[in-house]
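Reading the structure
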Protein chains: 2
Amino acid sequence: MVRIAVDMDEVIADFMSKEIRLFNESNGTAYTKEGIAGKKLRELHPEETENIRKRVSDPTYFSDLPLIDGAKEALEKLAEKHEIFITTAAMEFPTSFNAKYAWLKEHFAFIPESHYVFCGDKSIISADYLIDDHLRHLETFRGQGILFAAPHNAHETYELKLNGWDEVYRYFDEKY
Amino acid sequence: MVRIAVDMDEVIADFMSKEIRLFNESNGTAYTKEGIAGKKLRELHPEETENIRKRVSDPTYFSDLPLIDGAKEALEKLAEKHEIFITTAAMEFPTSFNAKYAWLKEHFAFIPESHYVFCGDKSIISADYLIDDHLRHLETFRGQGILFAAPHNAHETYELKLNGWDEVYRYFDEKY
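Residues numbered from 1 in each chain as written. Chains lettered and ligands numbered in written order. Predicted model: local features only at pLDDT ≥ 70, side-chain atom pairs only at ≥ 80, totals over all residues. Heavy atoms only, no water.

UniProt's Sequence similarities (unreviewed entry) comment on chain A is quoted here verbatim: "Belongs to the 5'(3')-deoxyribonucleotidase family." (UniProt positions renumbered as here; feature names shortened; annotations may be inferred.)

Encoded structure:
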């Protein structure tokens, strides 16, 4: 048994699809998640930064995020053998606490709430693995990091980068 | 420099004084924090358990808790040399997130919010020290635990139990 810490946004919760959908609705654009790979909306439209920030700061923003494909199924199977913690940098969006908690309760009820962690700096996480879409979190983590492929990190490399939950499941299944 | 993780309730925030004050107001009793040392209100009045739970589940309960004596002064000095994280078992009171966050911002602004951790099981905390008033959290912590003396743990012993923030400050000052 190993302990696997799992990030939320872009790893189990599809933050970006909603961000892009709301952006398109407001601006009459037709961006897609795949289409802007390697870029962020606020880089493409710096003049919209404040509007984007406002939308994702809405306390309900996180409550209806879609699931990342395969996240639930893979974690359900991994949880049979391993210890799963959800570790999210919620302090960047303090308005998100309640919606994030409710979302986890709704979709990941098989992970006990004592294994939810709302933090900022992820170097505080004591685990064997951290699955995260941000290099900056993996860099300070003391265990083995896994960079979870996401449109925004399309051009980033890392010693262990996995593409979707099937690959993540296979990685642990072959190893343990 | 070491990393010190610090619990909130009964360590920096005086949870129990407010709990006792509200209990006395509701029940015409005259309990004091010192007077019930080693006991909990819900042990003395099991029939009041639900009312106590309701009061502390109020989303605003945590917003005006008094400070534990000396906590701010000691942490301000310790933060000059060491890395301080606030690690609180907030998942037990999911209604408390916003009030706890606001309270920390108000009283401990010198600790960056990236160093706030809302968790459940504290074995997830990677730090050199954990200062906590609950033995159960110290037992699963992988670093050196410090049992912070509180009325409810008056009869409990631990390899390193310190009495108040002056003692905590002296412990680190002599050691580092």
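There is more to say after this.
Residue and element names in this part refer to chain A. All chains considered together, the criterion is met by 37 aromatic pairs over all chains. Relative to Tyr116, the ring of Tyr101 has its centre 5.8 Å away and its plane inclined at 75 degrees; by these criteria the two rings are edge-to-face. In this pair, Tyr101 sits in helix 5 (residues 97–107) while Tyr116 sits in strand 3 (residues 116–118), placing the two residues 15 residues apart along the sequence. Residue class for Tyr116 comes out buried when judged on its relative accessible area of 0%. The interplanar angle of 80 degrees and the centroid separation of 6.1 Å between the aromatic rings of Tyr129 and Tyr171 together place this pair among those described as edge-to-face. (Phe/Tyr/Trp six-rings, centres within 6.5 Å; stacked < 30°, edge-to-face > 60°. Helix = DSSP H or I, 4+ residues; strand = E, 2+ residues; numbered from the N terminus. Buried < 20%, exposed > 50% of the residue type's maximum accessible area, 1.4 Å probe, protein only.)

Before going further, it helps to examine unusual backbone geometry. For A:Glu10, which is not a glycine, the phi torsion comes out positive at approximately 70 degrees. Within the element layout of this structure, A:Glu10 appears in the loop between strand 1 (3–6) and helix 1 (15–27).

All names here are of chain A. Where helix 4 (residues 71–81) contacts helix 7 (residues 164–175), the two axes come as close as 9 Å, and the packing angle between them is 15 degrees. Looking at the two axes, helix 4 sits roughly parallel to helix 7. Viewed along their axes, helix 4 and helix 7 form a crossing whose handedness is left-handed. Listed contacts from helix 7 to Ala71, Ala74, Leu75, Lys77 and Leu78 of helix 4 are Trp165, Val168, Tyr169 and Phe172. Tallied by class, the residues present in the contact of helix 4 with helix 7 amount to eight nonpolar, no polar and one charged. (Axes fitted to C-alpha atoms, helices over the stretch in contact; angles between N-to-C directions. Parallel < 35°, antiparallel > 145°, perpendicular 65-115°, else oblique. Left-handed = near helix turned anticlockwise from the far one by under 90°. Contact = heavy atoms within 4.5 Å. Nonpolar A, V, L, I, M, F, W, Y, C, P; charged D, E, K, R; others polar.)

Take the UniProt feature "active site" (unreviewed entry) in chain A next. Residue and element names in this part refer to chain A. Per the UniProt entry, the sites bearing "active site" (unreviewed entry) are Asp7 and Asp9 in this numbering. Along the chain, the position of Asp7 falls in the loop between strand 1 and helix 1. A polar side-chain atom of Asp7 sits 3.0 Å from a polar atom in the side chain of Lys122. Within the secondary structure, Asp9 sits in the loop between strand 1 and helix 1. In contact with Asp9, other than residues within four places in its own chain, are Phe15, Phe62, Leu65, Lys100 and Asp133. (Polar contact = N/O pair within 3.5 Å; in protein donor to acceptor, adjacent residues only side chain to side chain.)

Turning to the domain arrangement of chain A, a few remarks are in order. All names here are of chain A. Each assigned domain of chain A is listed here: domain 1 (3–14 + 65–175) and domain 2 (15–63). Between the C-alpha centres of domain 1 and domain 2 the distance comes to 22 Å. Between domain 1 and domain 2, the contact holds 17 residues from the first and 14 residues from the second. Of the roughly 1,500 Å² buried between domain 1 and domain 2 on both sides combined, carbon and sulfur atoms contribute 64%. If you look at where domain 1 meets domain 2, you find two salt bridges. A salt bridge links Lys33 to Asp14, with the shortest nitrogen-to-oxygen separation between them at 2.6 Å. At the surface where domain 1 touches domain 2, the tally comes to nine residue pairs in polar contact (both at pLDDT 80 or more). Residue composition of the side of domain 1 that touches domain 2, by class: eight nonpolar, four polar and five charged. (Domains from an automatic or database assignment. Buried area = accessible area lost by both parts, 1.4 Å probe. Salt bridge = Lys/Arg side-chain N within 4 Å of Asp/Glu carboxyl O.)

Another point: the interface of chain A and chain B. At the interface, 21 residues of chain A touch 21 residues of chain B. Carbon and sulfur atoms make up 57% of the area that chain A and chain B hide from each other, which totals about 2,100 Å². Counting every contact that joins chain A to chain B gives zero salt bridges. Where chain A meets chain B, there are nine residue pairs in polar contact (both at pLDDT 80 or more). Within the side of chain A that touches chain B, the residues separate by chemical class into eleven nonpolar, six polar and four charged.

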